[in-house]
Amino acid sequence: MARASVQKNKLAKVFMNLVPGKKYIFAVSHLPALLGTPLYKGQEQIDQQALEEAKAMKKAGLTGILLENENDRPYSILATLEQISSMTQAASYVKKNLKDFPLGVEFLINDPKASLKSAKASGAEFIRTDYWVDKMYREEYGNLEVDTNEVNLYKKEIKAEEVFIFADIQVKYAQMREKKPIATSALEAFEAGARAVVVSGSQTGEMSDLKDLESVRAAVGSKMIFVGSGFDHKNARETLALADGALVGTSLMTD
């Protein structure tokens with residue numbers, strides 16, 4: 001127990017202080033379909049892919065990795081018990097083998113409570129939530145919003161205060177139900193407990209609007225901003241002049 005505590009504290013010092021001015025690049029691992037979904041082909045495949053990608057990203061010098069259930073199509077709004085158990089197993093497997101590599105989890109389409117549950121059980125350091133303070137609409141899912149007070153109470157209830165929340169603002173693929181400046185969304189996200197905000201383009205692979213990044217940076221000062229889509233080696237310099245880092249999926253993939 002003492003050794004685990006020391007390891008956790010060491011990791012917190014290395015990464016979770018999120019030093020302003022330093023840049024952080026997280027890979028996004030699109031896991032094979034989880035337990036209970038139509039394309040599920042076994043837990044071993046999920047565990048092995050998660051670990052192999054985490055090892056590759058660590059070797060490449062990235063900051064950490066985020067596990068997402070990208071292939072659990074069609075998505076449900078909330079995660080099932082089967083999905084939560086499958087994600088927790090995969091995250092635990094990565095943590096067991098790469099204790100010093102920052103790890104996050106996210107359930108699509110959006111279930112921050114399930115993500116917190118999985119992160120706490122597996123030892124992951126952060127979660128991502130596509131919806132946080134913005135009331136939004138998607139044609140295939142209807143109205144989407146999160147009760148941040150409820151999520152934060154749950155976070156305390158399961159003693160997951162050390163798990164950081166990376167919150168998307170005005171997230172891709174959805175329409176705002178209540179118009180407001182993106183800078184306002186960023187300020188509200190931090191006030192509601194986010195440790196970093198994520199700014200994306202309108203769809204996967206599309207670069208974030210630099211004007212949005214400029215607006216958010218001016219509003220939040222030294223608080224952490226990540227880019228959530230379209231980041232690659234071609235736009236890294238101009239993007240990281242405004243953002244503290246990026247969550248990268250598409251540009252790390254082949255085929």
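The structure presented is a predicted model; accordingly, all values stated were derived computationally and were not measured.

Considering all chains together, one arrives at 5 aromatic pairs under this definition. Plain terms: the ring middles of Phe 26 and Phe 166 are 5.9 Å apart, the flat faces sit at 70° to each other, and that makes the pair edge-to-face. Of the two residues, Phe 26 sits in strand 1 (residues 24–30) while Phe 166 sits in strand 7 (residues 164–168), which places them 140 residues apart along the sequence. In this structure, Phe 26 and Phe 166 share a single accessibility class: buried. An aromatic cluster of at least three residues, connected via ring pairs, comprises Phe 26, Phe 126, Phe 166 and Phe 226. Residue placement shows Lys 113 over the ring face of Tyr 154; its charged tip is 5.0 Å from the ring centre. A cation over a ring is seen here: Lys 223 above Phe 190, with NZ or CZ 5.9 Å from the ring centre.

So, about the pairing of strand 7. Among the 5 residues in strand 7, 5 count as buried, and that is most of the element. Neither face of strand 7 is left uncovered, since the one carrying Phe 164, Phe 166 and Asp 168 and the one carrying Ile 165 and Ala 167 both have all their residues buried. Pairing of strand 4 (residues 126–129) with strand 7, which is carried by 4 bridges, proceeds in the parallel orientation. Looking at strand 7, one finds that Thr 129 is bridged to Ala 167. In this structure, strand 7 lies alongside strand 9 (residues 196–199), joined through 3 bridges in parallel fashion. By the bridge assignment for strand 9, Phe 166 is matched with Ala 196.

What counts, and at which threshold
- Residues numbered from 1 in each chain as written.
- Predicted model: local features only at pLDDT ≥ 70, side-chain atom pairs only at ≥ 80, totals over all residues.
- Heavy atoms only, no water.
- Phe/Tyr/Trp six-rings, centres within 6.5 Å; stacked < 30°, edge-to-face > 60°.
- Helix = DSSP H or I, 4+ residues; strand = E, 2+ residues; numbered from the N terminus.
- Buried < 20%, exposed > 50% of the residue type's maximum accessible area, 1.4 Å probe, protein only.
- Lys NZ or Arg CZ within 6 Å of the ring centre and 35° of its normal.
- Pairing = 2+ DSSP bridges.

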